[in-house]
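# Secondary and tertiary structure notes
Now for the letters of each chain:
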Amino acid sequence: MSSLFTLSILQSALELGCIYALVALALFISFSILNIADLSTDGCFTLGCAVGAMVTLSGHPYLALFAAMGAGVCAGFVTAFLQTRMGVPSILAGIIVNTGLYTVNIAVMGFSSNVNLFASDTIFSLAKEKLPYGWYADWYKLLIALVIVIIIGAILSLFLNTRLGLSIRATGDNEHMVRASSINPLFMITVGLCVANALTALSGAILGQYQKSCDINLGTGMVTIALASLIIGETLVGKGSMFKRITGVILGSCFYRFIVALALRMNVPAEALKLVSAVIVAIAISFPYLKEKSSFYRQRSNNQNAYRKEGGTHAGH
């Protein structure tokens, strides 16, 4: 059992957890705050990776992150436009954009199904050269990913507490009330989806530089992974301030990656990981309901036992 918990497994889980946490934060904005099921996440993640990879190949790894975010904003705007201006339901809008992004992504990649970055500098390789040698020399990837996710998390927390951010949150709670308050809910939905897709694309760009490659099918199942991280985080941390909820999402992403790493360590076939993700999501979503039901049945059992004891006492008298 001790061989399952190794330092390398923990390190890999934390690195990937921090990178995928950005997608979970994107889903936090669209799903938890705006109450919109954005199914364009898979294609947008690959879009960010593809754009980031091509810009990295041209020798600009830092610019690649901003270029990927810009591409994500465009994808989010198209999704929002279909919803708010064309009357397309949110789920269908996400499916339409996700389908169209497949062609866009493969075009960005030069009509190749994969791109290799092994000969290019990345933010990780450049950081490794600048960091002084020490005990943390082998943890430079985690340091970079952690710094990025902390900065993004802090900015997002501040943004959602601004006037614009509060309007976005209010739109998700009650769109009719927001409209009655002279706030344009269509604009708020557009801003929210643009921010969410920018984070998704940024995550894809960072992952592409992390693994030094980009594949056209990289984003498959990303909605499930992000949803699992989001639900786990909300289950572990619960409701509270925006900073607390964002921290929970990041922790949930790391915990999810740790579960996946353990599953791989236990020789679970890689092809079965999607099933593992689906099971984790189902358990995480059902946990609050099952906990409430368990508490209800426990209380009812206690009441019945107390009633029997009371009945026995009266019978004795």
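Above: the structure in question.
Just so we're clear, the structure is a prediction, and the values are computed from it rather than from any experiment.

Thresholds applied
Residues numbered from 1 in each chain as written. Predicted model: local features only at pLDDT ≥ 70, side-chain atom pairs only at ≥ 80, totals over all residues. Heavy atoms only, no water. Helix = DSSP H or I, 4+ residues; strand = E, 2+ residues; numbered from the N terminus. Contact = heavy atoms within 4.5 Å. Buried < 20%, exposed > 50% of the residue type's maximum accessible area, 1.4 Å probe, protein only. Expected span 1.5 Å × (residues − 1). Patch = residues over 30% accessible without salt bridge, like charges linked within 9 Å, V, L, I, M, F, W, Y side chains within 5 Å. Areas by Shrake-Rupley, 256 points an atom, 1.4 Å probe, with all protein chains shown as cover. Salt bridge = Lys/Arg side-chain N within 4 Å of Asp/Glu carboxyl O. Core = buried A, V, L, I, M, F, W, Y, C linked by side-chain atoms within 4.5 Å. Phe/Tyr/Trp six-rings, centres within 6.5 Å; stacked < 30°, edge-to-face > 60°.

## As for the side chain of Arg 245
Summarising the element assignment, Arg 245 is placed in helix H11 (residues 242-265). Setting aside anything within four residues of it in sequence, one finds Arg 245 in contact with Phe 28, Ser 32, Glu 234, Gly 238, Lys 239 and Gly 240.

## Overview of helix H7 (residues 163-173)
For H7, the full list of buried residues reads Gly 165, Ser 167, Ile 168, Ala 170, Thr 171 and Gly 172. As for H7, its buried residues are in contact with helix H1 (7-33), helix H6 (140-159), helix H8 (175-180) and helix H9 (185-211).

## Regarding the side chain of Gln 11
In this fold, Gln 11 is placed in helix H1. Residues in contact with Gln 11, not counting those within four places in the same chain, are Asp 138 and Trp 139.

## A short note on unusual backbone geometry
The backbone of Asn 35 sits at a positive phi, close to 60°, despite the residue not being glycine. Inspection of the secondary structure puts Asn 35 in the loop between H1 and helix H2 (41-57). Within the chain, Lys 212 stands out as a residue other than glycine whose phi angle is a positive 55°. As for its position among the elements, Lys 212 is in the loop between H9 and strand E2 (213-215).

## Some thoughts on helix H10 (residues 222-237)
The end-to-end C-alpha distance of H10, which contains 16 residues, comes to 22 Å, matching closely the 22 Å that a straight helix rising 1.5 Å per residue would cover. Listed in full, the buried residues belonging to H10 are Met 222, Val 223, Ile 225, Ala 226, Leu 227, Ala 228, Ser 229, Leu 230, Ile 231, Ile 232 and Gly 233.

## Remarks on a nonpolar patch on the surface
Together, Leu 39, Ile 91, Leu 92, Ile 95 and Ile 96 make up a nonpolar patch on the protein surface, roughly 410 Å² of accessible area in all. Structurally, Leu 92 can be placed in helix H4 (residues 90-108).

## Considerations on the nonpolar core
Residues Leu 22, Leu 25, Phe 28, Ile 206 and Leu 207 are the most contacted members of the largest nonpolar core, which totals 74 residues. The greatest single-element share of this core, amounting to 14 residues, is contributed by H1. With sequence-adjacent residues up to four places away left out, Ile 206 is seen in contact with Ile 19, Leu 22, Leu 65, Phe 124 and Ile 148. Ala 71, Ala 75, Leu 101 and Ala 201 belong to the second-largest nonpolar core, a separate cluster that totals 13 residues.

## Regarding the packing of aromatic side chains
If you walk through the whole model with that rule in mind, you get four aromatic pairs. With a centroid separation of 5.8 Å and an interplanar angle of 75°, the aromatic rings of Phe 124 and Tyr 210 are classed as edge-to-face. Placement of Phe 124 in helix H5 (residues 123-130) and of Tyr 210 in helix H9 is noted, with a sequence separation of 86 residues between them. Both residues of the pair, Phe 124 and Tyr 210, count as buried.

Structural measurements only, silent on function.
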